[in-house]
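Spelled out, the chains give:
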Amino acid sequence: MKKPVSTSSSQTKRAQILRICQRYDNLASALIEVLHDVQEAYGFISEATQREIAGALNITRAEVHGVISFYDDFRTEGAPGTVVRICRGEACQSMGAQGLLAATTNAVKDRARISVEAVYCLGNCALAPAATLNGKLHGRLKGPRLSSLIDEVTK
Amino acid sequence: MRVWIFIPGDSGAVSVGADEVAAQVVELAKASDKKIELKRTGSRGLYWLEPLVEVETPEGRVAYGPVKPEDAGSVFSAMLAGDTGHPLCLGLVEDIDFLKKQNRVMFARVGTIDPLDLHDYQAHGGLEGLKKALATKPADIVEAVADSGLRGRGGAGFPAGIKWRTVAAQEATQKYICCNADEGDSGTFADRMLMEGDPFLLLEGMTIAGLAVGAVQGLIYVRSEYPAATKTLKMAIDIMRDAGWLGEKVGGSRHAFDITVRRGAGSYVCGEESAMLESLEGKRGEVRAKPPIPAISGLFGQPTLVHNVLTLASVPIIVAKGADAYQALGTGRSRGTQAFQLAGNIKQGGLVEVAFGLTIRNLIEDFGDGTASGKPFKCAQLGGPLGAYVNEDMLDTPMDYEALAEAGAMLGHGGVVVFDDGVDMAEMARFAFEFCAIESCGKCTPCRIGSVRGRELMEKVIAGEDRQASIALIKDLCEVMEEGSMCAMGGLTPLPVKSAMKLFPQDFGIAPDETKKGGKNVVAQGT
Ligand SMILES: Cc1cc2nc3c(=O)[nH]c(=O)nc-3n(C[C@H](O)[C@H](O)[C@H](O)COP(=O)(O)O)c2cc1C
Ligand code: SF4
Ligand code: FES
């Protein structure tokens, strides 16, 4: 089997991934926690990283891959600079979420480094419509509020 | 003289500016000659009034809301001057009608105390249940829970006592208490409010459950959409452990119990208990075949007590106050209090904890004050995305397990999502199939394929193509999904679809009587 070429930066990354796994005693059952932590550190989970995790937790790469592909939270490619996640749950729909999603998607379509995604309930259903902007939760997003919030974080 | 000011740190309140208001209060306090103490609490659950700011007065806490960051200055001055004439002043918080009409049992402390102050918790009745449990025989704790009539608050409403007896009766080297904090249903946020606003109550409930059934390990599965709850729970666990209420010797006894928090990763079906257990084992969240039930073979194949957050949060109260006191609340076979959540197009959205016995109308009209848009009410969806829609004619149905089942609806986790007359129910039926297609775990065909077919057929109905035939096919498909799905994801998706069709045939472009025509001889495609 070919060994990956190691540069000093990939060595540090490898060490950090192993540290994350150790945080959970290298338990295979903690795979989802490990994936969250790795993604928080690097923005996404690359092929090489998946291999490291599989080795540390003593599971197959197919198992790691299977879990990553099952859960919506995990990315195998880098995310753009700004991520807007608009809730499409029924409560938010009753307050115009579908229109908000369409309008926002349209408004940013020519702007690089912004992605608009749909999510299903953020637990903010009494303050609908709701969305997160780079992970921060917002509510009462009727009207132009979301677009001004996006402008604020991207300016 | 010290002035106490309270501002929620609840993520719903923060989503509409509570942190900005708090930051201003901190600045204003520095410039003031009075000694100001700011306490961040959970939310009272009066979300239409958030950010809701309170100040302690000799008469009680006086509330102001909704306070926008730009109003913080004038509200601050009014609070210090005791000026209740400020336009945002709501008077004594306890006298606000929405709160006054409730019976806060599980949520008694939420919104009033610092969620991570164990002294505050104990000063308001916290740990009384656990202390009593430590002095009680495990079998008697199990019987108290059974006698209370407590039923699971996660959706299915299964009697808790039966599960506890089953887990307690198993001989095993390891047993687990797993708290389901996946709260994926649209229209629900009570678990989040409780975990953020009174985390010790959940931890206390889990610990009592551990003592009762003989488990030493607890896990809380929190959805990743709730980062604040995750953080609060982890801190609360450390505080409980440092104080000796978790760990090797719970409260100085010979009993051990500890709790770990695990995050979900954006999958709705992981709220289904066996999918949650798979996820807790680090696997794909695929539903397991039943039997065996988790109480016999659950996490890592060991006996596991799985409960929703609110079921476990009721336990300390049942143990502290007695099964009879709990059982005295409610109606029929629905005992105790229920946390209803008013959401969507509603003027006064928020948390309503009351003893069972209210009607849907009481909730939507008396508490919720009608639609937020001011347009006429059209329908409400009860119990999340897999729950039925109800129309105006059904509003006098009592909100309890049996009455709703009789009306063809379900209570679920207590969510009530209100829609005004702008909603197109054909679109909502299409969405129900789409949601199922997105969230299906893929284990069985009726759900995995049926949901996609259902969405396509609904698209045809909406486009006006082959309407009659498509509707007949949808009905067959619903039957196949109901009968052939392994879990309620596929099995209950037909509920919102069929109720929408039955109550609002005009939205589907069909005459009322046509919805009654079957299509039994037509075989649904792809199943
Ligand atoms: C698709 C699906 C999603 C579910 N989501 C949740 C959830 O988010 N939280 C929850 O407590 N129960 C959920 N349930 C119900 C659980 O399977 C289980 O009945 C519950 O956690 C048991 O706890 P209880 O007895 O306290 O209600 C879900 C069920 C299904 C079929
Ligand atoms: S009904 Fe759907 S979610 Fe449930 S087991 Fe089958 S495929 Fe999975
Ligand atoms: S449905 Fe949008 S936050 Fe719950």
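Residues numbered from 1 in each chain as written. Chains lettered and ligands numbered in written order. Predicted model: local features only at pLDDT ≥ 70, side-chain atom pairs only at ≥ 80, totals over all residues. Heavy atoms only, no water.

1. A word on the overall build of chain B
For step 1, the next point in the chain: Looking only at helices and strands, chain B features 21 helices and 16 strands.
For step 2, the next point in the chain: The proportion of buried residues among the 527 residues of chain B is 60%.
For step 3, the next point in the chain: Sequence separation of 24 or more characterises 72% of the internal contacts of chain B that already satisfy a separation of 6 or more.
For step 4, the next point in the chain: Accessible surface for chain B amounts to roughly 19100 Å². Of this, 52% is attributable to carbon and sulfur atoms.
For step 5, the next point in the chain: Distance from the positive charge centre (54 side chains) to the negative charge centre (69 side chains) of chain B: 4 Å. (Helix = DSSP H or I, 4+ residues; strand = E, 2+ residues; numbered from the N terminus. Buried < 20%, exposed > 50% of the residue type's maximum accessible area, 1.4 Å probe, protein only. Contact = heavy atoms within 4.5 Å. Areas by Shrake-Rupley, 256 points an atom, 1.4 Å probe, with all protein chains shown as cover. Lys, Arg positive; Asp, Glu negative; His and termini not counted. Charge placed at Lys NZ, Arg CZ, Asp CG, Glu CD.)

2. Observations regarding the site of ligand 2
Residue and element names in this part refer to chain B.
For step 1, the next point in the chain: Taken together, 13 residues lie near ligand 2, and Cys441, Lys443, Cys444, Cys447 and Cys487 sit nearest.
For step 2, the next point in the chain: Given that more than half its atoms are within 2 Å of the pocket grid, ligand 2 belongs to the largest cavity.
For step 3, the next point in the chain: Looking at the shell around ligand 2, its residues break down into eight nonpolar, four polar and one charged. (Near = heavy atom within 4 Å. 1 Å grid on protein atoms, 1.4 Å probe; cavity = no way out; pocket = protein on both sides within 12 Å on 5 of 7 lines; lining within 4 Å. Sits in = over half its atoms within 2 Å of the grid points. Nonpolar A, V, L, I, M, F, W, Y, C, P; charged D, E, K, R; others polar.)

3. So, the sheet that holds strand S12 (residues 337–344) of chain B
All names here are of chain B.
For step 1, the next point in the chain: In spatial order, the strands read S13-S12-S16-S14-S15; together these five strands make up an open sheet with mixed pairing. What marks the edges here is a single partner per strand, and that holds for strand S13 (350–355) and strand S15 (389–391). In this sheet, adjacent strand axes meet at a mean angle of 30° when their direction is disregarded.
For step 2, the next point in the chain: In terms of strand pairing, strand S14 (residues 377–382) meets strand S16 (residues 415–420) through five bridges, oriented antiparallel. (Pairing = 2+ DSSP bridges. Axes fitted to C-alpha atoms, helices over the stretch in contact; angles between N-to-C directions.)

4. Concerning the sheet that holds strand S2 (residues 114–119) of chain A
All names here are of chain A.
For step 1, the next point in the chain: Taken in spatial order, the four strands line up as S2-S1-S3-S4 in an open sheet, and their pairing is mixed. At either margin of the open sheet sits one strand with a lone partner, and together these are S2 and strand S4 (136–138). Ignoring which end each strand starts from, the neighbouring axes of this sheet average 25° apart.
For step 2, the next point in the chain: Looking at chain direction, strand S3 (residues 131–133) and S4 are connected through three bridges and run antiparallel. Note that in S4 the partner of leucine 133 across the bridge is lysine 136.

5. Some points on the interface of chain A and chain B
For step 1, the next point in the chain: Residue-level contacts link 39 residues of chain A with 61 residues of chain B.
For step 2, the next point in the chain: Both sides together, the interface formed by chain A and chain B hides about 3600 Å², and carbon and sulfur atoms give 52% of it.
For step 3, the next point in the chain: Ranking the residues of chain A by area buried against chain B places Phe70, Glu90 and Tyr120 of chain A at the top, with a combined share of 19%.
For step 4, the next point in the chain: Our count for the contact surface shared by chain A and chain B stands at four salt bridges. (Buried area = accessible area lost by both parts, 1.4 Å probe. Salt bridge = Lys/Arg side-chain N within 4 Å of Asp/Glu carboxyl O.)

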